[in-house]
Amino acid sequence: AGQMGSGHEHTRNFNEMIPTIRAVSRSRATIPLLSRAFSSSSTPSVAHGVRKLGVIGAGQMGMGIAQVAAQVAKLEVVVLDADKAKLDKSLSFMDSILAKNVQKGKMTEAERAETKARITPATDINKFDSVDFVIEAVSENPSLKQSLFKQLSTITPASTILATNTSSIGITLIGASSTRPEKVIGMHFMNPVPVMTLVEIIPSLATNDETLQRTLALAKAMGKTTTMSKDMPGFIANRLLMPYLNEACQALLEGLGTKEDIDATMKLGCNMPMGPLTLADFIGLDTCLAIMRVLHTELGDSKYRPSPLLVKYVEAGWLGKKTGRGFYTY
């Protein structure tokens, strides 16, 4: 290798490169985005226009969305799940949460009764024939979501907006299965929905501005703060969060520290409200793995490869708090 030149020579060479760097920057700025160009403002310009909301999925996310919509936005809500036993159990659990809120003085007994009365359970998707807005909250399975959105296109009124609560799957992909992709949008709630104030809004390539504005208005009516993300794998929240949790799994696998030491270090040393392994348990290790696989497959970078330990825990059925065992025992 040749010897390094003088400092003045390096400065001159770099200065000669500046026009090229600027040209490259300008060319990158003109590359079409993977989402439509929308304002980042979270202030809606129209009313949401929703009288009846349909929620698909009676899991923790779906019931949380239904509760907030009925309690805060005071909307009529139809909650759909094919499993009636699961639906009944989730409704009973929600009622117990509302009862605790009454005991704590967060709501009155009358408000609890009104919230419950606004929610109607259903096991038949045809009950969505009169809803104004749908929020799908089923598991992170692309084919399942695509099948549902195809069905919803034929069952719901043509004016109905179809939102997905996916935490990582492309909105454009899901919307392509609908006959109205311009009315499909991502509405990513955080868990637990009644507690967490954020909703990520993700327009697809085809989403129109009316759909975006009505979605922003609905989120506001539900008492939520919104941020907007491009339609890229993981969006903002999980693009940043999941690799952090995955790295904690890898650190545990490599024996960098015990699970207690890893969690305590991040809580007490980095001021995180919860350790990464505890948080993964609360989210669900199967959900974490599904999102990491989407990131790894769609972005192709080895830094998103799921930790073998995370894979093994999911294979063992140790999914975290919901199964009683994950990194910790519950």
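The coordinates are above.
Now for a description of the structure that goes with this document.

Cut-offs applied
Residues numbered from 1 in each chain as written. Predicted model: local features only at pLDDT ≥ 70, side-chain atom pairs only at ≥ 80, totals over all residues. Heavy atoms only, no water. Phe/Tyr/Trp six-rings, centres within 6.5 Å; stacked < 30°, edge-to-face > 60°. Helix = DSSP H or I, 4+ residues; strand = E, 2+ residues; numbered from the N terminus. Buried < 20%, exposed > 50% of the residue type's maximum accessible area, 1.4 Å probe, protein only. Lys NZ or Arg CZ within 6 Å of the ring centre and 35° of its normal. Core = buried A, V, L, I, M, F, W, Y, C linked by side-chain atoms within 4.5 Å. Contact = heavy atoms within 4.5 Å. Axes fitted to C-alpha atoms, helices over the stretch in contact; angles between N-to-C directions. Parallel < 35°, antiparallel > 145°, perpendicular 65-115°, else oblique. Left-handed = near helix turned anticlockwise from the far one by under 90°. Nonpolar A, V, L, I, M, F, W, Y, C, P; charged D, E, K, R; others polar. Pairing = 2+ DSSP bridges. Right-handed = clockwise from strand over helix to strand, strands pointing away. 1 Å grid on protein atoms, 1.4 Å probe; cavity = no way out; pocket = protein on both sides within 12 Å on 5 of 7 lines; lining within 4 Å. Points joined across faces, edges and corners; volume = space filled by probe spheres on them. Polar contact = N/O pair within 3.5 Å; in protein donor to acceptor, adjacent residues only side chain to side chain. Salt bridge = Lys/Arg side-chain N within 4 Å of Asp/Glu carboxyl O.

Summed over all chains, the structure comprises three aromatic pairs. Measuring from centroid to centroid gives 6.1 Å for Phe282 and Tyr330, while their planes differ by 85°, and the two rings are edge-to-face. With Phe282 in helix α10 (residues 276-283) and Tyr330 in the segment after α12 (308-315), this pair connects stretches of sequence that are 48 residues apart. Among the residues examined, Tyr330 registers a relative accessible area of 39% and is labelled partly exposed. An aromatic cluster of at least three residues, connected via ring pairs, comprises Tyr313, Trp318 and Phe327. Above the face of the Tyr328 ring, Lys259 is positioned so that its terminal group lies 5.6 Å from the ring centre. Here the guanidinium or amino end of Arg325 rests over the ring plane of Trp318, the centre of that ring lying 3.5 Å away.

Among soluble globular proteins, nonpolar side chains are generally buried collectively. Ranked by internal contacts, the top residues of the largest apolar core, which has 37 residues, are Leu53, Val77, Phe133, Met187 and Phe189. Among the elements that make up this core, the one with the highest residue count is helix α2 (residues 60-71) (seven residues). Residue contacts for Met187: discarding those within four places in its chain leaves Phe133, Ile135, Ala163, Thr164, Asn165, Val199, Glu200, Ile201, Ile202, Thr215, Leu218 and Ala219. Within the second largest apolar cluster, 22 residues are counted, among which are Ala280, Leu295, Val311 and Tyr328.

What follows covers the packing of helix α8 (residues 237-253) against helix α9 (residues 259-270). Two measures define how a pair of helices packs: the angle their axes make with one another and the distance between the axes. At a minimum axis distance of 9 Å, the contact between α8 and α9 shows a crossing angle of 140°. Considering the angle they form, α8 stands oblique to α9. Here α8 runs over α9; the crossing is right-handed. Residues Tyr244, Ala248, Ala251 and Leu252 of α8 lie in contact with α9, whose contacting residues are Lys259, Ile262 and Met266. Of the residues contributing to the contact of α8 with α9, the split by class is six nonpolar, no polar and one charged.

What follows covers the pairing of strand β5 (residues 161-164). Residues Ile161 and Ala163 line one face of β5 and the alternating positions Leu162 and Thr164 line the opposite face, and both faces are buried. In terms of strand pairing, strand β4 (residues 133-136) meets β5 through four bridges, oriented parallel. Residue pairing for β5: Phe133 is matched across the bridge by Ile161. Handedness of the crossover joining β4 and β5 through helix α5 (residues 142-155) is recorded here as right-handed.

Okay, the environment of Thr287 next. Examined against the element boundaries, Thr287 turns out to sit in helix α11 (residues 285-299). What makes Thr287 partly exposed here is its relative accessible area of 24%. Considering only alpha carbons, one finds Thr287 and Ser167, 120 residues apart in sequence, at a separation of 9.2 Å.

Across the sheet, which stays open at both edges, the eight strands sit in the order β3-β2-β1-β4-β5-β6-β7-β8 with mixed pairing between neighbours. The open sheet terminates on both sides in strands that have one partner only, identified here as β3 (119-122) and β8 (225-228). Pairs of neighbouring strands in the sheet enclose a mean axial angle of 25°, with direction left out of account. Here strand β2 (residues 76-80) pairs with β3 via four bridges, running parallel.

The next subject is the environment of Phe133. Turning to its location among the elements, Phe133 is positioned in strand β4. Sequence separation of Phe133 and Leu53 is 80 residues, and the distance between their C-alpha atoms is 5.1 Å. The contact partners of Phe133, leaving out residues within four places of it in the chain, are Val50, Lys52, Leu53, Gly54, Thr160, Ile161, Ala163, Met187, Thr215 and Leu218.

What follows covers the layout of surface pockets. In this model, the second largest pocket occupies a volume close to 230 Å³. Every residue lining the second largest pocket is counted, 13 residues in all, and those nearest its centre are Ser168, Ile169, Gly170, Pro233 and Glu298. Every element with two or more residues in the lining of the second largest pocket is listed here: α6 (171-175) and α11.

Relative to the helices and strands, Thr160 is located in the loop between α5 and β5. When its relative accessible area of 0% is taken as the criterion, Thr160 is described as buried. Here Val131 takes part through its backbone oxygen, which lies 2.7 Å from a polar atom of the side chain of Thr160.

Summed over the entire model, instances satisfying the criterion amount to twelve salt bridges. As a salt-bridge pair, Lys145 and Glu136 come within 2.4 Å of each other at their nearest N and O atoms. Taking the shortest distance from any N to any O, the salt bridge between Asp286 and Lys322 comes out at 2.9 Å. Remark: Lys322 occurs in the segment after α12 and Asp286 occurs in helix α11; sequence separation between them is 36 residues. Looking at Asp286, the relative accessible area reads 28%, which means it is partly exposed. Linked by salt bridges that have partners in common, Asp95, Glu109, Arg112 and Lys116 make up one network.

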